[in-house]
Amino acid sequence: VQLQASGGGLVQAGGSLRLSCTASGSIFRVNVMGWYRQAPGKQRELVARITSGGSTTYADSVKGRFTISRDNAVNTLYLQMNSLKPEDTAVYYCNGVRVIVGGKVDYWGKGTLVTVSS
């Protein structure tokens, strides 16, 4: 499975963006999918993740502002970002984890840049 993120761009503080992550193959068996971000000079951090059953987890910094969702029918992961802040500026990456016998397989996509101006 190859992942490709899109939807980044430049937006003013308070604005919204919707990121998409399209998979080249089926994500039906990808157990957990998530969005991570990396700001300049900082480590990559988890933004949100969603299990195949629909359970979600969010970083405290984005709770109430971001919504993660997945559509297995079109092999796509989404991140709706509202009330954006300058500190949300980062490269956003999508990730998938598939649990297999004896371990797991990690999938990463190329990032998409989100810039929030003040």
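Going by the structure above, here's the rest.
Residues numbered from 1 in each chain as written. Predicted model: local features only at pLDDT ≥ 70, side-chain atom pairs only at ≥ 80, totals over all residues. Heavy atoms only, no water.

## Remarks on the pairing of strand 3 (residues 17–23)
Then, number 1: Burial analysis of strand 3 places five of its seven residues in the buried class, which makes it a mostly covered element.
Then, number 2: Relative to strand 3, strand 1 (residues 3–6) is paired through four bridges, and the arrangement is antiparallel. Paired with alanine 5 across the two strands is cysteine 21, which belongs to strand 3.
Then, number 3: Across six bridges, the pairing between strand 3 and strand 8 (residues 76–81) is antiparallel. Directly across from leucine 17, in strand 8, lies its bridge partner methionine 81. (Buried < 20%, exposed > 50% of the residue type's maximum accessible area, 1.4 Å probe, protein only. Helix = DSSP H or I, 4+ residues; strand = E, 2+ residues; numbered from the N terminus. Pairing = 2+ DSSP bridges.)

## What about the nonpolar core?
Then, number 1: With 28 residues, the main nonpolar core has Trp35, Val47, Phe66, Leu77, Leu79, Met81 and Tyr92 as its most contacted residues.
Then, number 2: Listing elements by their share of this core, those giving two or more residues are strand 1, strand 3, strand 4 (32–38), strand 5 (45–51), strand 7 (66–71), strand 8, strand 9 (90–100) and strand 11 (112–117).
Then, number 3: The element best represented in this core is strand 3, accounting for four residues.
Then, number 4: When neighbours within four sequence positions are excluded, tyrosine 92 is seen to be in contact with Ala5, Leu19, Trp35, Tyr36, Arg37, Val47, Phe66, Leu79, Met81, Gly111, Thr112 and Val114. (Core = buried A, V, L, I, M, F, W, Y, C linked by side-chain atoms within 4.5 Å. Contact = heavy atoms within 4.5 Å.)

## As for the state of the cysteines
Then, number 1: Summed over the entire model, instances satisfying the criterion amount to one disulfide.
Then, number 2: Here cysteine 21 pairs with cysteine 94 through a disulfide, and the sulfurs are 2.2 Å apart. Taking the sign of the S-S torsion, 60° for the link of cysteine 21 and cysteine 94, the bridge is right-handed. With cysteine 21 in strand 3 and cysteine 94 in strand 9, this pair connects stretches of sequence that are 73 residues apart. Comparing cysteine 21 with cysteine 94 shows no difference in burial state: the two are buried. (Disulfide = S-S within 2.5 Å.)

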